[in-house]
Structures are given as structure tokens and as C-alpha cells.
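One-letter residues, chain by chain:
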Amino acid sequence: MEPVELVPPPPHGRVFGLAVHAGLADVAPSGRARLDAVARWLQDAALADVVDAGLQEGAWVLRRMTMHVRRFPRFGAGLRVATFCSGTGPMVAERRSTIRDGDDVLVETVAAWVHVDPAGGRPLALPDGFEAVYGASADGRRVRARLRHAAEPPDGAATRPWRFRAADLDLAGHVNNAVYWQALEEELAGGEPAAPLHAEVEHRTPAVVGDATVHASGEMRWIVDPAGQVLATITLGERPAGPA
């Protein structure tokens, strides 16, 4: 599987910034920010960007997020998310985001978002006005939202139970994107994970409240519903290409 490219900030075009804070609900007992909290900050920054740009109509579905943690944010830190559009396709936009503590780069991410019809979920062309706002930062770079992970867990993969709760649902009535990172957090609990840490989540089917199973084999994890449908896949340990 080819690594995801971490393109540098654009010399021209829109880069949106949002201040975030590592609070009590965002950190593990050790004081380091959890991956699901980081994913939530990124999601908030993405929404704030499109609202500020006046492009909040319609809906976006996250297909993939790659996270490269150079150093974990710590409790109490005042942080800043800088985010920009780093590429487009007919119905997809790629978003590059960086989380900094002052001048220190802590986390770098790449996310692929698909523009969809909010009523039926059908993929749509990018919204009117998108090119005018984000075209300069994308700079003609073309991207795809094709899934990259192995679609099914292998025979003999280790398994453990999982459950999505009512508190995990968001406005769409589905499990929020940030929640899937909690399945990885369960493995990191009880210690301080080493950084740099590299992980990627791909979203395949929206999840609702209920039981699931996490299958694990090597660097891969699959979250599977009781009917055997893979809801999401996770990799841990693969390094994306780009700025060191």
C-alpha cells in the first residue's frame, strides 16, 4: 500500500486556522491527548472552515483519515489547527491539517471527504463556489477517495468485543467519525504510546448503536458488525510520506 502524501502548505490560497484546547475530557490519565480527541478537533476545524467560507450547504462524508503524530499534545496546551484543501477530484476533496503548539508541529493529517446528497447519500459534484474558495490551495492536484485497506479480516485474526453507544451518534444519526479512533485507544490504554505514531482509519459503512467486533492482524484492525459487514478499518504503524 502506497503511503499517503503529506503535501506542504500552499504558497497561495486559503489556509484556515482554529484554536483548540486540550481539556480534561480530551486526555488519557497520563495527560496525553487521545486520538479520538485529536480527530474531533480536526473535524471541528473542517466544519468551521466551510462555514466561514459560506459553503456549509450539502453534506460531506469522511472516507479516510491518516494521522501522523510526531508528539502527543498534552493536557492544558493551547493548540492551533491549520487546515487547507490539498487536492480535488470530481466528487472528493482532500484536506491537509496540522496541529501546532506554538511553533512546534505535533500532528499532521490527511483526510479524504466525499461530497454527497444529504437526503440520500449519493455522491455529488463539488458544490458551487468550491473552486473559487479552495482552488488556489489545491493548485490543480488531483486525488481519489478509493479505499486502500484489505476489505476483510483474515482467518485466525484476533478478536475482541466492541459496542457503539447512543452517546456516539451525531447529527446524521450515525456513529461520529472521531469515535472509531477509540477502538485504537483501547489498545493504547495503560501506557504512554511511543511517538511518532502513524495510523489511518477508512470508513466503509455508517455504524449505529449496537455490538460489533474488532478483528486484529498485524498492523490492521477491522470493526465488524454482527452481520459480518466491515464498518471501518484501521492501520497502526505505517508512516505517510511528506515533511519530516
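Everything below is about the structure printed above this text.
Figured I'd write up the structure that's included with this text. (Residues numbered from 1 in each chain as written. Predicted model: local features only at pLDDT ≥ 70, side-chain atom pairs only at ≥ 80, totals over all residues. Heavy atoms only, no water.)

## Some words on the environment of arginine 74
Now for step 1: Residue position: arginine 74 is located in the loop between strand E2 (59-69) and strand E3 (78-88).
Now for step 2: Along the backbone, arginine 74 and valine 224 are 150 residues apart, and their C-alpha atoms lie at a distance of 32 Å.
Now for step 3: The contact partners of arginine 74, leaving out residues within four places of it in the chain, are Ala22, Ser30, Gly31, Arg32 and Glu192.
Now for step 4: At 2.7 Å, the side chain of arginine 74 forms a polar contact with the side chain of glutamate 192. (Helix = DSSP H or I, 4+ residues; strand = E, 2+ residues; numbered from the N terminus. Contact = heavy atoms within 4.5 Å. Polar contact = N/O pair within 3.5 Å; in protein donor to acceptor, adjacent residues only side chain to side chain.)

## Observations concerning helix H2 (residues 130-138)
Now for step 1: All buried positions along H2 are accounted for by Phe130, Tyr134, Gly135, Ser137 and Ala138.
Now for step 2: On its buried face, H2 sits against helix H1 (35-52), E2, E3 and strand E4 (92-101).
Now for step 3: Aspartate 139 sits one or two positions beyond H2 and adopts a positive phi of about 55°. (Buried < 20%, exposed > 50% of the residue type's maximum accessible area, 1.4 Å probe, protein only.)

## A few points about the side chain of asparagine 176
Now for step 1: Examined against the element boundaries, asparagine 176 turns out to sit in the loop between strand E6 (158-164) and helix H3 (181-188).
Now for step 2: At a separation of 3.0 Å, a polar atom in the side chain of asparagine 176 contacts the main-chain amide nitrogen of alanine 178.
Now for step 3: If near-sequence neighbours (up to four positions away) are discounted, asparagine 176 is found in contact with Gln43, Asp168 and Asp170.

## Some details on the sheet that holds strand E9 (residues 220-224)
Now for step 1: Here we have ten strands laid out as an open sheet, ordered E1-E3-E4-E5-E2-E7-E10-E9-E8-E6, and antiparallel in their pairing. The open sheet has two edge strands, strand E1 (16-21) and E6, and neither has a second partner. Sheet twist, expressed as the average angle between the axes of neighbouring strands with direction ignored, equals 20°.
Now for step 2: One ladder, built from six bridges, connects E1 with E3; its direction is antiparallel. (Pairing = 2+ DSSP bridges. Axes fitted to C-alpha atoms, helices over the stretch in contact; angles between N-to-C directions.)

## Concerning the pattern of salt bridges
It is possible for side chains bearing opposite charge to pair when their charged atoms get close.
Now for step 1: The full count for this structure, using the stated rule, is 18 salt bridges.
Now for step 2: Put simply, arginine 141 and glutamate 5 hold a salt bridge, and the shortest N to O gap is 3.3 Å. Remark: glutamate 5 occurs in the segment before E1 and arginine 141 occurs in the loop between H2 and E6; sequence separation between them is 136 residues.
Now for step 3: Look at arginine 141 and you get partly exposed, because its relative accessible area is 23%.
Now for step 4: The exposure class assigned to glutamate 5 is partly exposed, which follows from its relative accessible area of 42%.
Now for step 5: With a closest N to O distance of 2.7 Å, arginine 14 and aspartate 52 form a salt bridge. Linking arginine 14 in the segment before E1 with aspartate 52 in helix H1, this pair joins segments that are 38 residues apart in sequence.
Now for step 6: Assessed through its relative accessible area of 52%, aspartate 52 is described here as exposed. (Salt bridge = Lys/Arg side-chain N within 4 Å of Asp/Glu carboxyl O.)

## Brief notes about the nonpolar core
Now for step 1: In terms of nonpolar packing, the biggest core is built from 43 residues, with Leu35, Met67, Phe164, Trp181 and Ile223 touching the most fellow members.
Now for step 2: At six residues, H1 tops the list of elements feeding residues into this core.
Now for step 3: In this structure, tryptophan 181 is in contact with Leu35, Asp36, Ala39, Met65, Met67, Ala199, Glu200 and Val201, ignoring residues within four places of it in sequence.
Now for step 4: By size, the runner-up hydrophobic cluster in this structure holds eight residues, among which are Leu55, Leu126, Tyr134 and Ala138. (Core = buried A, V, L, I, M, F, W, Y, C linked by side-chain atoms within 4.5 Å.)

## A short note on the packing of H1 against H3
Now for step 1: Taken N-terminus to C-terminus, the directions of H1 and H3 make an angle of 150°; their axes are 8 Å apart at the nearest point. With respect to H3, the axis of H1 lies roughly antiparallel. Each of Leu35, Asp36 and Ala39 in H1 lies in contact with H3, whose residues at this interface are Trp181, Gln182, Leu184, Glu185 and Leu188.
Now for step 2: Among the residues making up the contact of H1 with H3, the classes are represented as five nonpolar, one polar and two charged. (Parallel < 35°, antiparallel > 145°, perpendicular 65-115°, else oblique. Nonpolar A, V, L, I, M, F, W, Y, C, P; charged D, E, K, R; others polar.)

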